[in-house]
Amino acid sequence: MKTFIDSLLAQAEFQTVRLLEILRAVQAEFRHIPEPAIELIAAGLQVPRTQIIAMAEFYSFLHLNPQGRYDLLISDSITDRMLGNQQVLDALAARLQVEVGGVRGDGLVSLNRTSCTGMCDQGPAGLVNGFPLPRLTPAKIAAVAELIEKQVPLENWPAELFQVDEPLYRADLLLNQPFSGGEALQRTFARGLTETLAELDRSHLRGRGGAGFKTALKWRTCSQQAATPRYVICNADEGEPGTFKDRMLLDRYADQVFEGMTVCAAIIGSGQGLLYLRADYLFLRDKLLAVLQARREQGLLGQAILGHDGFDFDIEIRMGAGAYICGEASAQIESWEGKPGIPRTKPPNSVVCGYQRNPTVVDNVETFFAATHIAIQGGQWFADVGTPQSTGTKLLSISGDCLRPGIYEYPFGTPVRQILQDCGAEEVMGVQVGGPSGTFISDRELDRVVAFEDLSTAGSFMVFNRSRNLFAIAQNFTDFFAHESCGFCTPCRVGTSLLKNQLAKIVGGHGAPEDLEHLSALCEIVKNNSHCGLGESAANPILTTLLSYPELYLRQLQYREFAPGFDLDATLAAARRLAQREDPAAHLNQVEN
Ligand SMILES: Cc1cc2nc3c(=O)[nH]c(=O)nc-3n(C[C@H](O)[C@H](O)[C@H](O)COP(=O)(O)O)c2cc1C
Ligand code: SF4
């Protein structure tokens, strides 16, 4: 073990910021983080052993106890449940003689659930030792069980077991654009850096990671900071259940994403780019490394890019380890620095004080992709599409009850009704726009539009037909937040568990009308007092399903008689106030992260 750890530490240049990478390698080698490894790493990096233990406890894909040599994780997102993930778990447990949540006595295999694997378009899905197993049919389950029993090394498993498709059903402004490597950089240098930033301003591009901050403002603010070095981070954590459009972009359009990062580097004066890749997308890592290498060979990364003396920039990829909160920009920076991903207190924002306390732009994959094409075509070309507050197009990841789950690119302002028609959805009971942290709308609201000023989404669009149980949806999302809360602040740590329990009480038929009032009050506490966006949105599944179908909640109540003083209308009005986003334009003139 000592030789292995010593070589890891040497490769990582004994840097504490590489602690997560080191622990991922130890986990892969020993199937857990053994005590002697903790001691060796602590001594080698001169960090307290408690920091290493905290990391192992924080990240779902790290363990202090040994997992099986074949570690199976089955996705537990709502769409995977709808596609029969429980049958997959039952079948694997029976065939492999292992309990769900346990490790088989001989240590060969472990089986568990995971929040979501980013494959909601091809579920029920799972992972084996971090590699994807989409569309787990009974035949595939039998094959997987046999390969494990025969102890066949993963590299000898049939490739089709790991085949992830990228079903792209609708391309629009961006996905239809031709591109050749270096084009955006050439245009940027020909036009000038200040002028290119002005084009980005003219485009009104807003970040595609959810919050919709003005990209040009973020880049400009970062470029104006005195401190150096400055960093460009591409947020490819994509942990919101139901979102998988960044997976497709990285799989098929990585060159354009890296080019957007490089344009950003030129504008803000950065020499180092970082891409934080969600753990479940391990299968993309080698492909992405090859794209980076090809760019180096074309003079698009490295020293004096495209012959511009002094413009040196390169990009490094590091993997997450199964923590939804690490999608939040400041939590991600903590994770980059080798710590548990706990969101920072702001201000200062990351553009001022980010990675290693230096100015840092953190943007979503799709934001960089869009920036590439804006650098080529100019801002007006982009601003002419969409709505005045939401220019351009949005990539949607559509999953759930429809004939054609996959990726769709739409101009902002497209009505939900049209999207449902295009993806082949019928008998719709509701749509979850924006994942668990977003909004549930009923079939009475299908004329609402996808846009920052109406239904905002980082990309998740889940369809539910009339055969679905509203409470199964709300409970899955509420449980998700309770599981993913990082535990740093009390309103979220305790509140998300209380929300889960209070909802279970009502759904289980044990609630009185006052319990609805309590539930609504609890939602308010969690939403208004949490430290970060996770807690602020954890009540959304309850609030928006309650507003869509109050009659279903009322039907669940055990005692329908309202106590004196109980005011149902007031409870619903409070829920409505809470569920409505604050002024959607409020973020426009702020710099986030
Ligand atoms: C709990 C939580 C999870 C998030 N997950 C992601 C994510 O997976 N990808 C992402 O780009 N942004 C995510 N965000 C938003 C980021 O904090 C940040 O706003 C975004 O990366 C900025 O990029 P943009 O301006 O290009 O949207 C998350 C935010 C929160 C609160
Ligand atoms: S709101 Fe939740 S996720 Fe965010 S810091 Fe508090 S406990 Fe952590």
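Structure shown above.
S.K.: An account of the sheet that holds strand β7 (residues 231–236) is requested, with residue identities and associated values reported.
M.R.: With respect to topology, four strands assemble into an open sheet ordered β9-β8-β7-β10, the strand pairing being parallel. The open sheet has two free edges, formed respectively by β9 (314–319) and β10 (360–364), since each of these has just one partner strand. Sheet twist, expressed as the average angle between the axes of neighbouring strands with direction ignored, equals 20°. In terms of strand pairing, β7 meets β10 through five bridges, oriented parallel. Opposite Y231, over in β10, you have T360 as the bridge partner. Sitting on the sheet, helix α13 (residues 285–297) touches β8 (272–277) and β9, and the angle it makes with β9 is about 170°. Helix-sheet contacts for helix α15 (residues 365–377) involve β7 and β10, and the interaxial angle to β10 is about 95°.

S.K.: Any details on the site of ligand 2? Residues and values, ideally.
M.R.: In the vicinity of ligand 2, 13 residues are found, and the nearest of them are C486, F488, C489, C492 and C532. Looking at side-chain class alone, the shell around ligand 2 contains eight nonpolar, five polar and no charged residues.

S.K.: Could you give an account of the sheet that holds strand β14 (residues 439–442), with specific residues and numbers?
M.R.: Each strand in a sheet pairs with its neighbour through backbone hydrogen bonds, running either in the same direction (parallel) or in the opposite one (antiparallel). Ordered in space as β6-β12-β11-β15-β13-β14, the six strands form an open sheet in which the pairing is mixed. The strands lining the two open edges of the sheet, one partner per strand, are β6 (168–170) and β14. Sheet twist, expressed as the mean angle between neighbouring strand axes with direction ignored, is 25°. Where strand β13 (residues 428–433) meets strand β15 (residues 460–465), five bridges bridge the pair, whose relative direction is antiparallel. Each residue of the ladder has a partner; that of Q432, found in β15, is M462. Along the sheet, helix α11 (residues 245–252) contacts β6, β11 (393–400) and β12 (406–411); its crossing angle with β11, the most-contacted strand, is approximately 115°.

S.K.: Describe α13, and please don't skip the residues or the numbers.
M.R.: Quick reminder: α-helices carry 3.6 residues per turn. Residues three or four places apart thus point the same way. With 13 residues, α13 extends 19 Å between its outermost C-alpha atoms, agreeing within 8% with the 18 Å of an ideal straight helix rising 1.5 Å per residue. Here α13 has its buried residues at L288, L292 and R295. Seen along its axis, α13 keeps its buried residues to an arc of 60°; they face one direction. Among the exposed residues of α13, those oriented more than 90 degrees off its buried face are D286 and E297. G299 sits one or two residues past α13 and shows a positive phi near 75°.

S.K.: Before we move on, can you summarise the nonpolar core with the specific residues and values?
M.R.: Within the largest apolar cluster, 85 residues are counted, with the highest numbers of intra-cluster contacts made by I41, Y59, F464 and Y553. The leading source of residues in this core is helix α18 (residues 470–484), at seven residues. The contacts of Y553, once residues within four sequence positions are left out, are L470, F471, A474, L503, I506, L516, L519, I542, T545 and L546. Formed by 61 residues, the second largest nonpolar core is a distinct cluster that contains L175, L185, A216 and Y253.

S.K.: Got a sec to walk through helix α6 (residues 85–96)? Specific residues and values, please.
M.R.: For α6, spanning 12 residues, the distance from its first C-alpha to its last is 16 Å, which sits close to the expected 16 Å at 1.5 Å a residue. Along α6, the residues that are buried comprise N85, V88, L89, L92, A93 and L96. Buried residues of α6, viewed axially, fall in a sector of 125°; they line one side. Elements that come into contact with the buried residues of α6 comprise β1 (70–75), α5 (78–82), β3 (109–114) and α7 (138–149). Just beyond α6, the residue with positive phi is Q97, at close to 55°.

S.K.: So what's going on with unusual backbone geometry? Which residues, and what values?
M.R.: Residues G123 and P124 are joined by a peptide bond in cis, for which omega reads -5°. Within the secondary structure, P124 is located in the loop between β3 and β4 (126–128). Here P347 and P348 are connected by a cis peptide whose omega angle stands at 5°. By the secondary structure assignment, P348 is in the loop between α14 (329–336) and β10. Its identity as a non-glycine residue notwithstanding, E13 has a phi of 50°, on the positive side.

S.K.: Just give me the short version of the side chain of T387, but keep the residues and values in it.
M.R.: Position of T387 relative to the elements: it lies in the loop between α16 (379–383) and β11. Apart from residues lying up to four places away in sequence, T387 is in contact with F412, G413 and E453.

S.K.: Before we move on, could you go through the packing of aromatic side chains and cite the residues and values that matter?
M.R.: Tallied over the full model, the rule gives 21 aromatic pairs. Sitting above the plane of the Y281 ring, R278 keeps its charged end 5.4 Å from the centroid. The lysine or arginine in question, R444, covers the ring of Y549, its NZ or CZ lying 5.4 Å from the ring centre.

S.K.: I'd like to hear about the pattern of salt bridges, residue by residue, with values.
M.R.: Inspection of every chain in the model, using the stated rule, returns 39 salt bridges. Between K287 and D251 there is a salt bridge, and its shortest N-O distance comes to 2.4 Å. Here K287, found in helix α13, pairs with D251, found in helix α11; they are 36 residues apart in sequence, far enough to count as distant. We note a salt bridge from R318 to E316, for which the minimum N-O separation is 2.8 Å. Look at R318 and you get buried, because its relative accessible area is 7%. Owing to a relative accessible area of 18%, E316 belongs among the buried residues under this scheme. Through salt bridges that share partners, R18, E21, E316 and R318 make up one connected network.

S.K.: Outline the pairing of β3, supporting the account with residue identities and numerical values.
M.R.: A regular strand carries its side chains on alternate faces of the sheet. Where β1 lies against β3, six bridges are found, and the strand directions are parallel. Its bridge partner lying in β3, I74 is registered against R113. Where strand β2 (residues 102–103) meets β3, two bridges bridge the pair, whose relative direction is antiparallel. Across the sheet, residue V103 finds its bridge partner in β3, namely S110. Between β2 and the antiparallel strand that follows it, β3, lie five residues; G107 among them carries a positive phi value of about 75°.

Calculation rules
Residues numbered from 1 in each chain as written. Chains lettered and ligands numbered in written order. Predicted model: local features only at pLDDT ≥ 70, side-chain atom pairs only at ≥ 80, totals over all residues. Heavy atoms only, no water. Pairing = 2+ DSSP bridges. Helix = DSSP H or I, 4+ residues; strand = E, 2+ residues; numbered from the N terminus. Axes fitted to C-alpha atoms, helices over the stretch in contact; angles between N-to-C directions. Contact = heavy atoms within 4.5 Å. Near = heavy atom within 4 Å. Nonpolar A, V, L, I, M, F, W, Y, C, P; charged D, E, K, R; others polar. Expected span 1.5 Å × (residues − 1). Buried < 20%, exposed > 50% of the residue type's maximum accessible area, 1.4 Å probe, protein only. Arc of directions from axis to C-beta. Core = buried A, V, L, I, M, F, W, Y, C linked by side-chain atoms within 4.5 Å. Phe/Tyr/Trp six-rings, centres within 6.5 Å; stacked < 30°, edge-to-face > 60°. Lys NZ or Arg CZ within 6 Å of the ring centre and 35° of its normal. Salt bridge = Lys/Arg side-chain N within 4 Å of Asp/Glu carboxyl O.

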